[in-house]
Amino acid sequence: MKAVRLAVVALASACVAVLVPGQAQAAEYSSALKVKGVQYDAPGRDSNSCSSGNTDEEFLVITNFSRTATVNLRGYVVKDAAGNRFTFTRNHTLQPGDYVRLRGGRGTDSDGSNVVYRNNCNFLWNNAGDTIYLYKPSGDRADVHSYTKAKHDRDGNGYVTFHR
């Protein structure tokens, strides 16, 4: 009996060692939809003019990583660290492996072109760094990622990838 207890204690200690890694890691949530990446710094000089600006060059890529489930984006919410938010108010379905680019600026949403526009000419993502939250229609968190330009964008192209 004592040998069994020692084996259980040793196994529990090993599990704790595995559960407490040396580096902080992003939390994983049970969701088919995940933030694949973000073009947080639109190419060129930032201008949020609706007629001549480049907010449509800033985008978030959301991908359906499920192998079988089709997901409707209606009711999903994207937020930044400051609380700015966008809610998908229309039906937009993602087949398994499909993606959508949530762009700033104004435009026509298109399933065929995999694009939804925020219809807002203000930039959402901060160039120095930000946190991206994706919430399910239920309010549960689907995914979250933080980035800083200095730490996560080594090639300096204004794009950070989170899931591959």
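Preceding block: the structure.
As the structure is a computational prediction, the values presented were derived from the model and not from experiment. (Residues numbered from 1 in each chain as written. Predicted model: local features only at pLDDT ≥ 70, side-chain atom pairs only at ≥ 80, totals over all residues. Heavy atoms only, no water.)

A. Inspection of the layout of surface pockets at higher detail. When its volume is computed, the second largest pocket comes out at roughly 160 Å³. Considering the residues around the second largest pocket, the lining is formed by Phe86, Phe88, Thr89, Arg90, Asn91, His92, Asp109, Val116, Tyr117, Arg118 and Asn119. (1 Å grid on protein atoms, 1.4 Å probe; cavity = no way out; pocket = protein on both sides within 12 Å on 5 of 7 lines; lining within 4 Å. Points joined across faces, edges and corners; volume = space filled by probe spheres on them.)

B. Fine view of the sheet that holds strand E5 (residues 85-87). Across the sheet, four strands lie side by side as E5-E4-E9-E10; this open sheet has antiparallel pairing. The outermost strands of the open sheet, each flanked by one partner alone, are E5 and strand E10 (141-148). Looking at each pair of strands side by side, their axes are set apart by 10° on average, direction ignored. Note: strand E4 (residues 77-79) against E5, three bridges, orientation antiparallel. Note that in E5 the partner of Val78 across the bridge is Phe86. (Pairing = 2+ DSSP bridges. Helix = DSSP H or I, 4+ residues; strand = E, 2+ residues; numbered from the N terminus. Axes fitted to C-alpha atoms, helices over the stretch in contact; angles between N-to-C directions.)

C. Structural view of the packing of aromatic side chains. This structure, assessed with the given rule, holds four aromatic pairs. Arranged with centres 4.9 Å apart and planes meeting at 35°, the rings of Tyr40 and Tyr147 form a pair that is tilted. Of this pair, Tyr40 sits in the loop between strand E1 (33-39) and strand E2 (59-64) while Tyr147 is found in strand E10, placing the two residues 107 residues apart along the sequence. Accessibility classification places Tyr40 together with Tyr147 in one group, the buried group. With a centroid separation of 6.2 Å and 20° between ring planes, the pair formed by Tyr133 and Tyr135 is classed as stacked. In this pair, the class of Tyr133 matches that of Tyr135, namely buried. Over the ring of Phe59 we find Arg101; its NZ or CZ atom is 4.9 Å from the centre of that ring. (Phe/Tyr/Trp six-rings, centres within 6.5 Å; stacked < 30°, edge-to-face > 60°. Buried < 20%, exposed > 50% of the residue type's maximum accessible area, 1.4 Å probe, protein only. Lys NZ or Arg CZ within 6 Å of the ring centre and 35° of its normal.)

D. Region of the structure containing the state of the cysteines. Counted under the stated rule, the structure contains one disulfide. Between the sulfur atoms of Cys50 and its disulfide mate Cys121 the distance is 2.1 Å. On the sign convention where negative is left-handed, the bridge of Cys50 and Cys121, at about 120° about the S-S bond, is right-handed. Of this pair, Cys50 sits in the loop between E1 and E2 while Cys121 is found in the loop between strand E8 (115-117) and strand E9 (129-135), placing the two residues 71 residues apart along the sequence. (Disulfide = S-S within 2.5 Å.)

E. Here's a closer look at the sheet that holds E8. Strand order in the open sheet formed by five strands is E8-E7-E2-E1-E11, with mixed pairing between adjacent strands. Two strands lie at the open edges of the sheet, namely E8 and strand E11 (159-161), each paired on one side alone. For this sheet, the mean angle separating the axes of adjacent strands, direction not counted, is 25°. Bridge count between E1 and E2: six bridges; the pairing is antiparallel. For Val38, the partnering residue across the bridge sits in E2 and is Leu60.

F. Quick peek at the pairing of E1. With six of seven residues buried, E1 is to be regarded as a mostly interior element. By the bridge criterion, three bridges tie E1 to E11 in an arrangement that is antiparallel. Considered in E11, the bridge of Gly37 is made with Thr161.

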